[in-house]
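# Examination of the molecular architecture
Residues per chain are reported as follows:
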There are 2 protein chains.
Amino acid sequence: MTPPPPSAVTLGIDVGGTKILGVALDAEGRTLAEARRPSVHPGATATGHPAASYALIEAMAVVAEELEAMLGAGGADAPGSAGVGVPGLVDDTGRLRFAPNLPAGDDLDVADRLQERLGVRVVADNDATCAAVAEWVLGAAAGAEDALVVTLGTGIGGGVVAGGRVLRGAAGFAGEVGHVVVDPSGPRCTCGKRGCWERFASGSGLARLAREAAHAGRLGSVVHLAGDDPDAVRGEHVTEAASGGDAEAQAVLDELGWWIAVGLSNLALILDPEVIVVGGGMIEAMPLVLPSVRQEFTSMLEGADRRPEIRIVTAALGEQAGAVGAALVARNDRRYGAELDKAGPAAPGERGSSTGHSS
Amino acid sequence: MTPPPPSAVTLGIDVGGTKILGVALDAEGRTLAEARRPSVHPGATATGHPAASYALIEAMAVVAEELEAMLGAGGADAPGSAGVGVPGLVDDTGRLRFAPNLPAGDDLDVADRLQERLGVRVVADNDATCAAVAEWVLGAAAGAEDALVVTLGTGIGGGVVAGGRVLRGAAGFAGEVGHVVVDPSGPRCTCGKRGCWERFASGSGLARLAREAAHAGRLGSVVHLAGDDPDAVRGEHVTEAASGGDAEAQAVLDELGWWIAVGLSNLALILDPEVIVVGGGMIEAMPLVLPSVRQEFTSMLEGADRRPEIRIVTAALGEQAGAVGAALVARNDRRYGAELDKAGPAAPGERGSSTGHSS
């Protein structure tokens, strides 16, 4: 398929569990428009029923059409292509092969269906890979040849840049870091295994650590924030108390930081990135967590004193990262990397010519 | 530096804990000569003392000179360069930055020192990365764009091929898979952490699992093979008994297989290889272990029934893999990968033109 001209506007749509966020990106990587709507009703997506997948595609299309209307009203070009980021295993054809966190999308040919619906070329990719591309091209990993981006939210997603290219793997499924087992006798995961990293180092992991501490009689002020019900304690209660100086709440965040560091140091041994970008829904808590992450990471990393420092930084693009990255991926037909810089059409907003990001 | 002409002979030297193995490779990847000698006396290598590092370099040089003499006697060309595989973190300049298993080599500029001693260009790299290159170019991963090679021996080493190139990482330290933590409350590792994968899934891990079983009153015939001393049980005793049909011994190997599968499925989630090659000192035991590895791997891998099969195979080059790979790495000045196929000199024995391997 012929690549769009460098001046084309591209849509990017990030499909999350609670909302669908879309952006329209111009050739320089600037956001021209943003639209959002709640994700399809959970009841409508609870099965792989054709109606549920129809509703999911329709919800994406509505966001895309809103963006197109905003572009038209602003006198901008019509989009030449659209990218979609979805949670799960997305193959090279844009089919969502496995989607434990988005049942309506399970085994759904997202790219083909949305392309048919919208009438523009559509490329689909894993949502965390999209976020990684965005952070690499326009965000906190700009300029890095080797980078790791992890999104800490309800679960954990990941995207890897290796040697100046996005690491794809044989089937396009690389970077599924959330289900790396870090404790085989740990709690049961939604994937069926025990002790996956995202059971400890995610938002749901923090809530679990906090409830355990609450039931052990600690976290008095956090439990109070949760209406005096230990079972109602959520991550936000912990960060709120820790922000106010509560030492017991900070201790739970330090424990979270330790688990984040376990996974990050494992990944650093395998991938040897120069920078690790931490984003996702938990990014607001990172100022309270990253100090312990950095300290434990250094103490866990084999030969840490003999290596160049591996920087651990927060994501720069915030909640737009997935949508912006989806647009960038679409513009490059998924094959984002150094070889395109040489052989393919110039990727607008590519590394090195990054112009910053206006949100 | 000007690459050697395609006809040049290259030396490859693999520095292990018990032996140094060298090969001379011709332009087609055939082994023209092989030499070996015991590794330097442990006492001489127990410290970072200059005399110990001198002895280590000297031992490599003696192997290289033996190979040169054999080449001369056979009328072959003199080698144009030499590669060295050493255990630990090797940076882009060929310095061994961190070598917990080879104290004499700790922070030693292996490439420069041996180059000065031999008078030919020398390139140094991690030993498991060398083995991975050899299996990728001439062995069990030939033709793969995405492959993972793990060497199971006393410890565990790793090398990764991603998108048709060796995954190097920012400092050249990628693929350090042995120290990935799979159980934070597990046994203490030589690296200082707890529960590293190589504490469970290596030769020393098998011995530990077997001694635990022996002390629990199981493994009667295995203990008998070890002179009726549970503390003397080694991995070889387990595989010998299991080969003879001993069910308790096979159960310990199945447990080993489970731990191997934990690490391999973790790595597969991150890297998404099309093939995993298992080699190293434990390769002889693999016929007894791989059936359980394959079964547990499939049951642990997220979305296994929605993915292309990831083959798990044994290494093809046996004990020569590290030395052969060191020669291949030297020929390409470490930057082994697809971009050399396009831009650089044709790598003899490169993927696609593999001519098989004569040992």
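Residues numbered from 1 in each chain as written. Chains lettered and ligands numbered in written order. Predicted model: local features only at pLDDT ≥ 70, side-chain atom pairs only at ≥ 80, totals over all residues. Heavy atoms only, no water.

What follows concerns the overall build of chain A. Scanning chain A from N- to C-terminus turns up eleven helices and twelve strands. Buried positions account for 59% of the 359 residues belonging to chain A. Of the contacts made within chain A by residues no fewer than 6 positions apart, 64% connect residues no fewer than 24 positions apart. Of the roughly 13,000 Å² that chain A leaves accessible, carbon and sulfur atoms contribute 51%. (Helix = DSSP H or I, 4+ residues; strand = E, 2+ residues; numbered from the N terminus. Buried < 20%, exposed > 50% of the residue type's maximum accessible area, 1.4 Å probe, protein only. Contact = heavy atoms within 4.5 Å. Areas by Shrake-Rupley, 256 points an atom, 1.4 Å probe, with all protein chains shown as cover.)

Another aspect to go through is the interface of chain A and chain B. The partner chain B presents 44 residues to the 44 residues of chain A that form the contact. Three residues, Ile270, Glu302 and Arg306 of chain A, lead the burial of chain A against chain B; their summed loss comes to 20% of the area buried on that side. For the pair chain A and chain B, the interface holds two salt bridges. Of the charged contacts in the structure, one is a salt bridge between Asp106 of chain B and Arg306 of chain A, with a shortest N-O distance of 2.9 Å. Our count for the chain A to chain B interface comes out at 26 residue pairs in polar contact (both at pLDDT 80 or more). Broken down by secondary-structure element, the contributors of at least two residues to the side of chain A that touches chain B are strand S6 (96–98) and helix H8 (247–271) of chain A. Here the side of chain A that touches chain B takes seven residues from H8 of chain A, the largest share from any one element. When its residues are assigned to classes, the side of chain A that touches chain B shows 23 nonpolar, seven polar and 14 charged. (Buried area = accessible area lost by both parts, 1.4 Å probe. Salt bridge = Lys/Arg side-chain N within 4 Å of Asp/Glu carboxyl O. Polar contact = N/O pair within 3.5 Å; in protein donor to acceptor, adjacent residues only side chain to side chain. Nonpolar A, V, L, I, M, F, W, Y, C, P; charged D, E, K, R; others polar.)

This brings us to the pairing of strand S7 (residues 121–126) of chain A. On a regular strand, one side chain projects to one face of the sheet and the next to the other, so that they alternate. Residue and element names in this part refer to chain A. By the criterion of burial, S7 is predominantly enclosed, with six of the six residues buried. When strand S4 (residues 79–86) meets S7, the two strands line up parallel, connected through six bridges. Of the residues in S7, the one forming a bridge with Val84 is Ala124. (Pairing = 2+ DSSP bridges.)

For sheets, the rule is that strands pair by backbone hydrogen bonds, running either parallel or antiparallel. All names here are of chain B. One open sheet accounts for five strands, arranged S3-S2-S1-S4-S7; its pairing is mixed. The strands lining the two open edges of the sheet, one partner per strand, are strand S3 (31–38) and strand S7 (121–126). For this sheet the average axis-to-axis angle between neighbouring strands, irrespective of direction, equals 15°. On the sheet, helix H3 (residues 110–118) packs against strand S4 (79–86) and S7 and is oriented at approximately 150° with respect to S7. Helix H4 (residues 127–138) rests against strand S1 (9–15), S4 and S7 of the sheet, and its axis sits at about 100° to S7. (Axes fitted to C-alpha atoms, helices over the stretch in contact; angles between N-to-C directions.)

Residue and element names in this part refer to chain A. Ordered by their spatial adjacency, five strands build an open sheet running S10-S9-S8-S11-S12, and the pairing between neighbours is mixed. A single partner strand is all that each edge strand has here, and the edge strands are strand S10 (165–166) and strand S12 (311–314). Strand direction decides the pairing type here: strand S8 (residues 147–152) and strand S9 (residues 156–162), joined by six bridges, are antiparallel. Within the sheet, the bridge partner assigned to Leu152 lies in S9 and is Ile156. On top of the sheet, H8 reaches S8, S9, strand S11 (275–279) and S12; it is set at about 155° to S8, its chief contact.

All right, on to the pattern of salt bridges then. Enumeration according to the criterion identifies 30 salt bridges over all chains in this entry. For Glu28 of chain B, the salt bridge goes to Arg30 of chain B, with nearest N and O atoms at 3.2 Å. Through salt bridges with shared partners, a single ionic network connects Lys19, Glu34, Arg36 and Glu319 of chain A.

With that settled, consider the pairing of strand S3 (residues 31–38) of chain A. All names here are of chain A. Relative to S3, strand S2 (residues 19–25) runs antiparallel, the two sharing seven bridges. Within S3, the position partnered with Leu25 by the bridge is Thr31. Here S2 folds back onto S3 in antiparallel fashion, the turn holding five residues, of which Gly29 has a positive phi close to 85°.

Further remarks concern the nonpolar core. Leu264 and Leu271 of chain A together with Leu264 and Leu271 of chain B are the most contacted members of the largest nonpolar core, which totals 108 residues. If we ignore the near neighbours within four places in the chain, the residues touching Leu271 of chain B are Leu167, Gly169, Ala174, Ile270 and Leu271 of chain A together with Leu148, Val160 and Leu167 of chain B. (Core = buried A, V, L, I, M, F, W, Y, C linked by side-chain atoms within 4.5 Å.)

Take the confidence of the model for chain A next. Residues and elements named next belong to chain A. Chain-level pLDDT for chain A is 88 on average; 88% of the residues reach the 70-or-more range. Low pLDDT, under 50, characterises residues 339–359; the predicted model gives this stretch 41 contacts beyond four residues in sequence or across chains. For this predicted complex, the interface score ipTM comes out at 0.90, alongside a pTM of 0.90. (pLDDT = per-residue confidence, 0-100.)

What follows deals with the environment of Val15 of chain B. All names here are of chain B. Turning to its location among the elements, Val15 is positioned in strand S1. Val15 sits in the buried class, given a relative accessible area of 0%. Spatially, the C-alpha atoms of Val15 and Val84 are 7.3 Å apart, while their sequence positions differ by 69 residues. Leave out the neighbours within four places in its chain, and Val15 touches Ile20, Leu56, Met60, Val84, Gly85, Val86, Pro87, Leu102 and Asp127.

This brings us to the packing of helix H2 (residues 50–73) of chain A against helix H3 (residues 110–118) of chain A. The packing of two helices is summarised by the inter-axis angle and the distance between the axes. Residues and elements named next belong to chain A. Between H2 and H3, whose axes approach to 10 Å, the crossing angle comes to 55°. Between H2 and H3, the angle falls in the class oblique. In this structure, H2 meets H3 at a crossing whose hand is right-handed. Every residue of H3 that contacts H2 at Ser53, Tyr54, Ile57, Glu58, Met60, Ala61, Ala64 and Glu65 is listed here: Val110, Arg113, Leu114, Arg117 and Leu118. (Parallel < 35°, antiparallel > 145°, perpendicular 65-115°, else oblique. Left-handed = near helix turned anticlockwise from the far one by under 90°.)

All names here are of chain B. The complete set of buried residues in H3 reads Val110, Ala111, Leu114 and Leu118. Along the long axis of H3, the arc covered by the buried residues comes to 90°, so they all point the same way. The secondary structure elements touched by the buried residues of H3 are helix H2 (50–73), S4, strand S6 (96–98) and S7. Just downstream of H3, Gly119 is the residue with a positive phi angle, here 80°. (Arc of directions from axis to C-beta.)

A word on helix H8 (residues 247–271) of chain B. All names here are of chain B. An ideal rise of 1.5 Å per residue puts 36 Å on 25 residues; H8 measures up with 35 Å between its terminal C-alpha atoms. Of all 25 residues making up H8, 18 are buried, and the element is well covered by its neighbours. A distance of 3.3 Å separates the backbone nitrogen of Glu248 from a side-chain oxygen at the start of H8, and that oxygen is part of Asp246. Positive backbone phi, approximately 50°, marks Asp272, located one or two places after H8. (Expected span 1.5 Å × (residues − 1).)

Now for the relation of the copies chain A and chain B. Take chain A, turn it by 180°, move it 0.0 Å along the axis, and it overlays chain B with an RMSD of 0.0 Å. Both copies are brought into coincidence by an operation consistent with a two-fold rotation axis. Mapped onto chain B, 100% of the interface residues of chain A again fall at the interface, so both copies present the same surface. (Least-squares fit on C-alpha atoms with pLDDT ≥ 70 in both.)

With that settled, consider unusual backbone geometry. Residues and elements named next belong to chain B. Despite not being glycine, Asp107 has its phi angle at roughly 55°, a positive value. Here Asp107 is to be found in the loop between S6 and H3. If you check the backbone angles, Asp228 has positive phi at about 60° while not being a glycine. With respect to the helices, strands and loops of the structure, Asp228 is situated in the loop between helix H6 (220–225) and helix H7 (235–243). Note on Asp228: relative accessible area 53%, which makes it exposed.

This model, assessed by the stated rule, comprises four aromatic pairs over all chains. A ring pair is formed by Trp258 of chain A and Trp259 of chain A, whose centres lie 5.0 Å apart and whose planes are at 90°; its orientation type is edge-to-face. Exposure remark for Trp259 of chain A: the relative accessible area of 10% places this residue in the buried category. Each ring, one from Phe200 of chain B and one from Trp259 of chain B, has its centre 3.9 Å from the other, and the planes form 15°; the classification is stacked. With Phe200 of chain B in the loop between strand S10 (165–166) and helix H5 (203–215) and Trp259 of chain B in helix H8, this residue pair connects regions lying 59 residues apart in the sequence. (Phe/Tyr/Trp six-rings, centres within 6.5 Å; stacked < 30°, edge-to-face > 60°.)

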